[in-house]
Amino acid sequence: MTVKPLETSGFLNVLKPPGMSSHDIVGFVRHTLGIRKVGHAGTLDPGAAGVLPVAVGRATRLIEYLEHADKSYRAELVLGIATDSGDTSGTVLEKLEASSFSMLSREAVEEALSKFRGDITQVPPAHSAIKIGGRRAYELVREGKTVEIPERHVTIHALDLIGYDAGTHRLLLDVTCSRGTYIRTLCIDLGRALGLPAVMTFLVRTRVGDFTLADAMTLEELSAAGEKALLAPETMLSGLPRYDLPAGRENAFCNGLSTHDFHLAEAEAACKDGAIVRVYGMDTFLGIGRIDRAAAAVTPEKVIVAPPQKPKSTKTGA
């Protein structure tokens, strides 16, 4: 049997320039490829640049698995200034004269950073795309309404000080964090820990899961490459364990049927009960499945290919 893709689909690793929203990038891709079904994973603010994973066709059904991926950023912040948005797009609320305070030592900054590594809580900025009662928080703020956003738990896997300029009160940070982390808030909270107002002045996202800045394509490169720029969906989901269906079960999986596999009881720890896995049949990526070890079965979650077709038999005359 052969596996037939339903339509043109895949991922794009787009280098979003500052000044464009993530939705603008989706519109650009739709126009460039002539495909309506396009979505993105992990919104970037218009002022930020960097990696924006874009899904095309049936790959849009896999976006949710990218959104859980860890992300990496490079951010610059300036001490002594605060805005209502936490970045330079907002209204200045406080600005200290440069001569009115001394830059803390690099050692003091490093000590403060240590408090933000690991599991922490944040209160996202009101100038954000978080929905409150079905409305974006930033829309409510623009209408003059008071917005209260509950704190959230996030994880900072790595936080490194790679630039320190006492003269301009600037710090440059590399951050690797979990989903839902607001780098603007991290900068503000770091300033608070140092006893000073702070504002994020620059942000570039350098990684989302398997998508890296080094491999990201500019809009000009994407326009020139067209569909050739599409990446096979499974190549960008390496964070999910691989599971190979028993021979002959490809059609069943693609039609939404569970597959019993008694070898699951002996499977590696990655295929634990409830685990989400990349499912392959005949060495071809078929979609996403969920492991049920108690039932020794794999259940389809998302199928992105058409059911395999049996080759037509050729009748020969006697």
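Residues numbered from 1 in each chain as written. Predicted model: local features only at pLDDT ≥ 70, side-chain atom pairs only at ≥ 80, totals over all residues. Heavy atoms only, no water.

## Concerning the overall build of the protein chain
So the rule is basically this: Labels follow the DSSP assignment, with helices taken as runs of H or I lasting at least four residues and strands as runs of E lasting at least two, numbered in each case from the N terminus. Only protein chains enter the accessibility calculation, which uses a 1.4 Å probe. A residue is then buried if its area is under 20% of the maximum for its type, exposed if over 50%, and partly exposed in between. Note on contacts: a residue pair is in contact if any heavy atoms of the two residues lie within 4.5 Å. To be clear on the numbers: accessible area is Shrake-Rupley with a 1.4 Å probe, and residue cover counts the displayed protein chains and nothing else.
On a plain count of helices and strands, the protein chain comes out with seven helices and 18 strands. The buried share of the protein chain, taken over its 318 residues, is 44%. Contacts spanning at least 24 positions in sequence make up 68% of the contacts within the protein chain whose residues lie at least 6 apart. Accessible surface, the protein chain: about 16100 Å² in total, of which carbon and sulfur atoms supply 51%.

## Digging into the environment of Thr121
Along the chain, Thr121 turns up in strand 7 (residues 118-122). Judged by its relative accessible area of 37%, Thr121 falls in the partly exposed class. The spacing of Thr121 and Thr181 is 60 residues in sequence and 9.3 Å in space, taken between C-alpha atoms. When near neighbours in sequence (up to four residues on either side) are disregarded, Thr121 contacts Glu151, Arg152 and His153.

## Here's the deal with the side chain of Thr185
Structurally, the position occupied by Thr185 is in helix 5 (residues 183-193). Using a relative accessible area of 3% as the deciding quantity, one classes Thr185 as buried. Not counting residues up to four positions away in its chain, the partners in contact with Thr185 are Gln122, Val123, Pro124 and Pro125.

## A look at the packing of aromatic side chains
Definition in use: Two aromatic rings from Phe, Tyr or Trp, using only the six-membered ring of Trp, form a pair when their centres are within 6.5 Å; if the ring planes differ by under 30 degrees the pair is stacked, by over 60 it is edge-to-face, and anything between is tilted. In this scheme, Lys NZ or Arg CZ marks a charge over a ring once it lies within 6 Å of the ring centre and within 35 degrees of the ring normal.
Applying the stated criterion across every chain, the model contains two aromatic pairs. Across from the ring centre of Tyr280, 3.7 Å away, lies the NZ or CZ of Arg242, which sits over that ring.

## Comments concerning the confidence of the model for the protein chain
Counted only if it meets this: The predictor attaches a confidence to each residue, called pLDDT, with possible values from 0 through 100.
Predicted confidence across the protein chain gives a mean pLDDT of 88, with 85% of residues reaching 70 or more. Under a pLDDT of 50 for its full length, residues 1-6 has, in the predicted model, 19 contacts with residues more than four places off or in other chains.

## Structural notes on helix 1 (residues 22-33)
Inclusion rule: Residue count minus one, scaled by 1.5 Å, sets the expected span of a helix. Starting at the helix axis, one direction is taken to each C-beta atom, and the arc is that of these directions.
With 12 residues, helix 1 extends 17 Å between its outermost C-alpha atoms, agreeing within 8% with the 16 Å of an ideal straight helix rising 1.5 Å per residue. For helix 1, the set of buried residues is Ser22, Ile25, Val26, Val29 and Leu33. Along the axis of helix 1, the buried positions cluster into a sector of 100°, meaning they face one direction only. Opposite the packed face of helix 1, turned more than 90 degrees from it, sit the exposed residues His23 and His31. Where the residues of helix 1 are buried, they touch strand 1 (10-16), strand 2 (38-40), strand 3 (49-56) and helix 6 (219-225). Positive backbone phi, at 70°, marks Gly34, one or two positions downstream of helix 1.

## A word on helix 3 (residues 106-114)
Turning to helix 3, its buried residues number three or more, namely Val109, Ala112 and Leu113. Take helix 3 and look down its axis: the buried residues cluster within an arc of 100°, on one side only. Across helix 3 from its buried face, at more than 90 degrees, point the exposed residues Glu107 and Glu111. In this fold, the buried residues of helix 3 make contact with strand 10 (152-165), strand 11 (170-177) and helix 5.

## Brief notes about the sheet that holds strand 18 (residues 297-303)
To be explicit about the condition: For two strands to pair, DSSP has to find at least two bridges joining them.
Pairing in this open sheet of five strands is mixed, and the strands run 14-16-17-18-15 from one edge to the other. The open sheet terminates on both sides in strands that have one partner only, identified here as strand 14 (242-244) and strand 15 (259-260). Pairing of strand 14 with strand 16 (residues 276-281) involves three bridges; the strand directions are parallel. Bridge pairing links Tyr243 to Val279 in strand 16.

## Structural notes on the pairing of strand 12 (residues 198-208)
Across two bridges, the pairing between strand 3 and strand 12 is parallel. Its bridge partner being in strand 12, Ala49 is matched across the sheet by Val204. As paired strands, strand 4 (residues 71-79) and strand 12 are joined by nine bridges and run antiparallel to one another. By the bridge assignment for strand 12, Glu76 is matched with Phe202. Note: strand 12 against strand 13 (residues 211-212), two bridges, orientation antiparallel. Paired with Val208 across the strands is Phe211, a residue of strand 13.

## Describing the side chain of Lys71
What counts, and what does not: In this count, Lys and Arg are taken as positive residues and Asp and Glu as negative ones, while His and the chain termini are left out. Any Lys or Arg side-chain nitrogen located within 4 Å of an Asp or Glu carboxyl oxygen qualifies as a salt bridge. For this analysis, a polar contact is any N or O atom pair within 3.5 Å, provided that within protein one partner can donate a hydrogen and the other can accept it, and provided that sequence-adjacent residues contribute only side-chain to side-chain pairs.
One can find Lys71 in strand 4. For the buried Lys71, no salt bridge is present, and the opposite-charge side chain at shortest range is Asp70, 7.4 Å distant. Of note is the side chain of Lys71, whose polar atom sits 3.4 Å from the backbone oxygen of Ala69. In this structure, Lys71 is in contact with Gly42, Val175, Thr176, Cys177, Arg179, Arg205, Arg207 and Val208, ignoring residues within four places of it in sequence.

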